[in-house]
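Read off the chains here:
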Amino acid sequence: MSEPNDASTNTPEHDENHIVTERRAKLAEWRATGKAYPNDFLRENTAGKIAEIYESKSGDELEAAAVEVKVAGRIMLRRVMGKASFISIADLSGRIQIYVARDKVGEETYTAFKRWDIGDIIGAVGTLFRTKTGELTIQAAEIRLLSKSLRPLPEKFHGLTDQEQKYRMRHLDLIMNEQSRFTFAARSRMVQSIRNYMTDHGFLEVETPMMHPIPGGAAARPFKTHHNALDMELFLRIAPELYLKKLVVGGFEKVFEMNRNFRNEGMSPRHNPEFTMMEFYEAYTEYRKLMDFTEGLLRHAARDALGTEVFAYQGRTLDLSKPFHRLTMVDAILRYHPQYTLEQLNDAEWLRQKLTAFKVEVKPGMGLGTLQLLMFEETAEADLWEPTFIIDYPAEVSPLARRSDSNPEVTERFELFIVGREIANGFSELNDPEDQAARFLEQARAMDAGDEEAMYYDADYIRALEYGLPPTGGCGIGIDRLVMLLTDSANIRDVILFPQMKPE
């Protein structure tokens, strides 16, 4: 009995269910042959490598050479005809066309082949030739179904266009969207480039704990968990900093770690609760040298990921080859907002009134440095398109950074901003255990007063400092944000393979 001709039944869900039912029937037929889901087809060639070697060869040259190849991949296009058909398959390296003729593969195979679907994964053995239109093609002598696609791929001309579905179904996004494959391949190249740069400069890659008894190394709200056997509360790490500096105390003078951090905070185009950071620490250096090193590292990563230090981001050119700017927060405000004066920006009461007018929460007891930071974030941060180091942060907002010898109210600290976004944070490390203990106490008082992002007092870290931390510089770089920059991605979820999502 045919289905009723009712528009209400022709929904995408209905259509997909119908297709899935048909494909399950085909799978049942395949199973009945006893040949379903084989695992004895070993690919020897990829589409990209075949094109690299043979794209310049003429049809006559290919015919004379009789080049045999063995490929496998997913069917992305198909033109099935009476006695001969064309399909296009995709693997990680690219696509290649296959010509399937009944006389070459046999009647039984060709009959089965005509029931295969777009999305199925196949293997083929054959020889290279050029079609009348000049396309490099494989003439199949053998072709086999390796894996059945029970669900239909998105329509080929529009692809997977729903942004939320791209994040929820990254596997489908990678099948359909070349840009997504480029983004994550570029991410992999960038991460490897950073690792190479660090080890080439004498840094040792290490791993430190992901679960901490005390969350430290950053001002952030942690995720909590419980260890049943030890009956103790633990925290997913918000930063590896304190453990890495303990290694410097122990004599590992140049260390780095690239791994995940977790912060129980809001989500936005710039924030995911689980994200990747690279932190590095070097003994006998200081924050100005760290800025030089960070510049070199970012240029190296851009060259390896993109092949250039000059590229476009969101329609504007960005040039990492030029020396990065260096400004204080007050300098940056004055540069991009000349309507303000130095006198105003050094007046705590004026800043309180101005921030209140901007509807920024101003808490009692905030000092001049914190107010200047809030003013900078509200007015100038978004203007820092070109790479800019903001330097000399107030001590009151930098509890792990060394105070400046020339002005104890500020620290030897920088944050790197590119396209209005923080990319890195570094400083000369505070290695005075008594000063560090006093600053931890200040943070503990802030926590008692309700600041959920204040740091805990870490007695174990203070004890490690008491054995002696050499003069040290350290820096953290946001890997996800750097990938956003190098791949022209506007949302952090575009560069994380499986971003955190609300349940459907």
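Residues numbered from 1 in each chain as written. Predicted model: local features only at pLDDT ≥ 70, side-chain atom pairs only at ≥ 80, totals over all residues. Heavy atoms only, no water.

### What to know about the sheet that holds strand β9 (residues 232-236)
Inference 1: Strand order in the open sheet formed by 3 strands is β7-β9-β8, with antiparallel pairing between adjacent strands. The open sheet has two free edges, formed respectively by β7 (211-212) and β8 (224-227), since each of these has just one partner strand.
Inference 2: Alignment of β7 against β9, held across 2 bridges, turns out to be antiparallel. Looking at β9, one finds that His212 is bridged to Phe235. (Pairing = 2+ DSSP bridges. Helix = DSSP H or I, 4+ residues; strand = E, 2+ residues; numbered from the N terminus.)

### Focus: the pattern of salt bridges
Inference 1: As enumerated under the stated definition, the model contains 33 salt bridges in all.
Inference 2: The partner of Asp40 in a salt bridge is Arg144, with the nearest N and O atoms 2.9 Å apart. Taken together, the positions of Asp40 in the loop between α1 (12-32) and α2 (47-54) and Arg144 in strand β5 (residues 136-147) put the pair 104 residues apart, joining distant regions of the chain.
Inference 3: A residue is classified by how much of its surface remains accessible, and Arg144, at 24% relative accessible area, is partly exposed.
Inference 4: Among the salt bridges present, the one from Arg130 reaches Glu55, with a minimum N-O distance of 3.6 Å. (Salt bridge = Lys/Arg side-chain N within 4 Å of Asp/Glu carboxyl O. Buried < 20%, exposed > 50% of the residue type's maximum accessible area, 1.4 Å probe, protein only.)

### Here we look at the side chain of Thr411
Inference 1: Tracing the backbone shows Thr411 in the loop between β15 (388-391) and β16 (413-418).
Inference 2: For Thr411, a relative accessible area of 0% corresponds to the buried category.
Inference 3: Not counting residues up to four positions away in its chain, the partners in contact with Thr411 are Asp392, Tyr393, Pro394, Ala395, Ser398, Ala401, Arg402, Arg403, Ser404 and Arg439. (Contact = heavy atoms within 4.5 Å.)

### Focus on the packing of aromatic side chains
By convention here, two paired aromatic rings are described through the distance between centres and the angle between planes.
Inference 1: In the structure shown here, the tally under the stated rule is 17 aromatic pairs.
Inference 2: Judged by centre distance (5.8 Å) and plane angle (35°), the ring pair of Phe324 and Phe389 falls under tilted. Note that Phe324 is positioned in the loop between β13 (316-319) and β14 (325-328) and Phe389 in strand β15, a separation of 65 residues in sequence.
Inference 3: Through pairs of rings, three or more aromatic residues link up here, namely Tyr197, Phe203, Phe280 and Phe293.
Inference 4: Its guanidinium or amino end placed over the ring of Phe41, Lys70 lies 4.9 Å from that ring's centre, counting from NZ or CZ.
Inference 5: Across the ring face of Tyr243, the terminal group of Lys246 is positioned such that the distance to the ring centre comes to 4.9 Å. (Phe/Tyr/Trp six-rings, centres within 6.5 Å; stacked < 30°, edge-to-face > 60°. Lys NZ or Arg CZ within 6 Å of the ring centre and 35° of its normal.)

### Regarding the UniProt feature "binding site: Mg(2+) 2" (unreviewed entry) in the chain
Inference 1: If you check UniProt for "binding site: Mg(2+) 2" (unreviewed entry), the listed places come out as Glu422 in our numbering.
Inference 2: Within the fold, Glu422 resides in strand β17 (residues 421-428). (UniProt positions renumbered as here; feature names shortened; annotations may be inferred.)

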